Amino acid sequence: MNDILAGFRDPEVARHLVDEIHRIAVEPCTLMEVCGTHTMAIAKHGLRGVMPETIKLLSGPGCPVCVTANPDIDLAIEIARQPGVVLTTFGDMMKVPGSYSSLSAEKAEGRDVRVVYSPLDSLAIAEREPDKQVVFLGVGFETTAPTVALTIREAARRKLSNWSALSLHKTVPGALEVLVNDPEVRVTGFILPGHVSTIIGTAPYEFLAREYGVPGVITGFEPVDVLQGVWMLAQQLAEGRAEIEIAYGRGVHAEGNPSAVAAIEASFVPCDAEWRGIGVIPGTGLALRPEFAGYDARARIPVTVPEPREIKGCQCGDVLRGVVLPFDCKLFGRACTPEHPVGPCMVSSEGSCAAYYRYTDYGKD
Amino acid sequence: MCLAIPARIVSEPNEIEMAEVDILGVKRHVSLMMTPDAKLGDHVLVHAGFAIQVVDEEFAAESLEMLGRMGIKHADELDAELDGSDEAAEVPAS
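Just so it is clear, the model here is predicted, and its values are computed rather than measured.

The number of helices and strands found in chain A is 18 helices and eleven strands. The C-alpha radius of gyration computed for chain A amounts to 21 Å, which stays within 12% of the reference 21 Å derived for 365 residues, consistent with globular compactness. Principal-axis analysis of the C-alpha atoms places the extent of chain A at approximately 65 × 45 × 40 Å. Burial analysis of chain A (365 residues in total) assigns 61% to the buried set.

What follows is the structure in structure tokens.
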């Protein structure tokens, strides 16, 4: 396996792909990646710097932490403030600022906020500490949603009465449809997310090619993977094709993972969701199904959430839509740095601003 | 956030579909609930404590070979250009 991974990091293969991309990408195009892991891979490996002038690489709303809206973060914080509550979540969520606070600030104030590796770990906490109300804050796209869906099912199977989930999960295709319809965003091709597609396959993206004539290539995360994705998009554009293709066949099947999709559908129903920078997108959220209402933190731990407010001067919303680059924000690198982040795109390890800041020399190109 | 790490299954799954995997030398238990076809010795992509897909190693090897061939083809084209010969024209387009 390590040999295979080494192959996808091979500088020789990468160089040939770069040459091929230069050869065929004659017409100007704007390719958007919608996965925070791609944002980091492109910045880390300096791939923006090796693209021909005709290819502009933009980052979209691919970081689930970054697109979580303030009212939702505020809700999680209010739940964490309730007596007897243990709020468990992924590490990425801790430092993300809501309107007035963050989970890590709350933890410093003495609230019981714990980082877990897997949602199943929060079930173990609930079993170990029966006098506590354990809440799992679920954030993430289709990659993560089935892990929480199965954890909800497992909680029901174990008849846990002190565990619930706060689902802030979102689904990707609806956001892409908003972007292709946004006159401020002009995307000619999508570098589609690898592990979201591991779950959902190609079908949910087909409308992009069919109805909008915008091609998409499902892409992996090693440098050769990303270059192969860009190369396949450049080929489609050069040939005037618009299709949804897979450049990450070792991890993605066209049909996705039917067991995982079934798990999502068994625990969740689509609901409207607010995306930072974009607004409410109908049907892109995942709410617990009525039969799991007993495991829904929104019902179990009712709280009053203060009026949300936006951070002054922060352009994360525009960065997430690909309308401005991180460098264009007046706060970037001055008031807003990874040490003292103002907006979520600088907080998250996968945020566009954090990626640009960390790999400045590449990002400026 | 949507990162998934390749890991090798090193134990038979137990009654609740948990199995031990080796992630770059680190052992941990993950759920195989989403990958009912995964077998001992398979590589799987692991995300948040769950295997989300069996890695298609054969496919990976084939795509590397394809990309490698492209590099050879490309090098041939360059050589042909440098030689001033028109052999490059005979190389089929990819």
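Residues and elements named next belong to chain A. Looking at where glutamate 33 falls in the secondary structure, it is placed in strand 1 (residues 29–33). Despite its burial, glutamate 33 pairs with no opposite charge; the closest candidate is arginine 48, at 4.5 Å N-O. In terms of polar contacts, glutamate 33 uses its side chain to reach the side chain of threonine 39, at 2.5 Å. Only 2.8 Å separates the side chain of glutamate 33 from the side chain of serine 59, close enough to count as a polar contact. Once residues lying within four places of it in the same chain are set aside, the contact partners of glutamate 33 are His38, Thr39, Ile42, Arg48, Leu58, Ser59, Gly60 and Ile191.

Residues and elements named next belong to chain A. Reading across the sheet, the four strands line up as 4-3-5-6 and stay open at both edges, with parallel pairing between neighbours. One side of each edge strand has no neighbouring strand; the edge strands of this open sheet are strand 4 (112–115) and strand 6 (163–167). Adjacent strand axes in the sheet meet at a mean angle of 25° when their direction is disregarded. Here five bridges tie strand 3 (residues 85–89) to strand 5 (residues 133–138), and the two strands are oriented parallel to one another. Bridged to leucine 87 within strand 5 is valine 135. The sheet contacts of helix 7 (residues 119–128) involve strand 3, strand 4, strand 5 and strand 6, and relative to strand 5 the element is tilted by about 175°.

Glancing now at the packing of aromatic side chains. How two aromatic rings sit relative to each other is set out by the distance from centre to centre and by the angle between their planes. Residues and elements named next belong to chain A. Summed over the entire model, instances satisfying the criterion amount to seven aromatic pairs over all chains. Taking the centre distance of 6.0 Å and the plane angle of 80° together, the rings of phenylalanine 221 and tyrosine 248 count as edge-to-face. Taken together, the residues phenylalanine 221 in the loop between strand 8 (216–218) and helix 12 (223–239) and tyrosine 248 in the loop between strand 9 (244–246) and helix 13 (258–267) connect sequence positions 27 residues apart. No difference in accessibility class separates phenylalanine 221 from tyrosine 248, as the two residues are buried. Plain terms: the ring middles of phenylalanine 327 and tyrosine 356 are 5.5 Å apart, the flat faces sit at 70° to each other, and that makes the pair edge-to-face. Residue phenylalanine 327 is found in the loop between helix 15 (316–321) and helix 16 (344–347), and its partner tyrosine 356 is found in helix 17 (residues 352–358); the two are separated by 29 residues along the sequence. Given a relative accessible area of 24%, phenylalanine 327 falls into the partly exposed group. It is arginine 250 that lies over the ring of phenylalanine 8; its NZ or CZ is 3.9 Å from the centre.

Often, the extent of an interface is quoted as the loss of accessible area on bringing the components together. All names here are of chain A. We note that the domain assignment places domain 1 (1–52 + 64–303) and domain 2 (314–357) within chain A. Domain 1 puts 20 residues into the contact, and the matching count from domain 2 is 18 residues. The salt bridge involving glutamate 184 is made with arginine 321; its shortest N-O contact spans 3.4 Å. Joining domain 1 to domain 2, the criterion identifies five residue pairs in polar contact (both at pLDDT 80 or more). Elements represented by at least two residues in the side of domain 1 that touches domain 2 include exactly helix 3 (36–44) and helix 4 (64–67). If you tally residues by element for the side of domain 1 that touches domain 2, the top one is helix 3, at five residues. Its residues placed into classes, the side of domain 1 that touches domain 2 shows eleven nonpolar, four polar and five charged.

Conventions and cut-offs
Residues numbered from 1 in each chain as written. Chains lettered and ligands numbered in written order. Predicted model: local features only at pLDDT ≥ 70, side-chain atom pairs only at ≥ 80, totals over all residues. Heavy atoms only, no water. Helix = DSSP H or I, 4+ residues; strand = E, 2+ residues; numbered from the N terminus. Rg over C-alpha atoms; globule rule 2.2 N^0.38 Å. Buried < 20%, exposed > 50% of the residue type's maximum accessible area, 1.4 Å probe, protein only. Lys, Arg positive; Asp, Glu negative; His and termini not counted. Salt bridge = Lys/Arg side-chain N within 4 Å of Asp/Glu carboxyl O. Polar contact = N/O pair within 3.5 Å; in protein donor to acceptor, adjacent residues only side chain to side chain. Contact = heavy atoms within 4.5 Å. Pairing = 2+ DSSP bridges. Axes fitted to C-alpha atoms, helices over the stretch in contact; angles between N-to-C directions. Phe/Tyr/Trp six-rings, centres within 6.5 Å; stacked < 30°, edge-to-face > 60°. Lys NZ or Arg CZ within 6 Å of the ring centre and 35° of its normal. Domains from an automatic or database assignment. Nonpolar A, V, L, I, M, F, W, Y, C, P; charged D, E, K, R; others polar.

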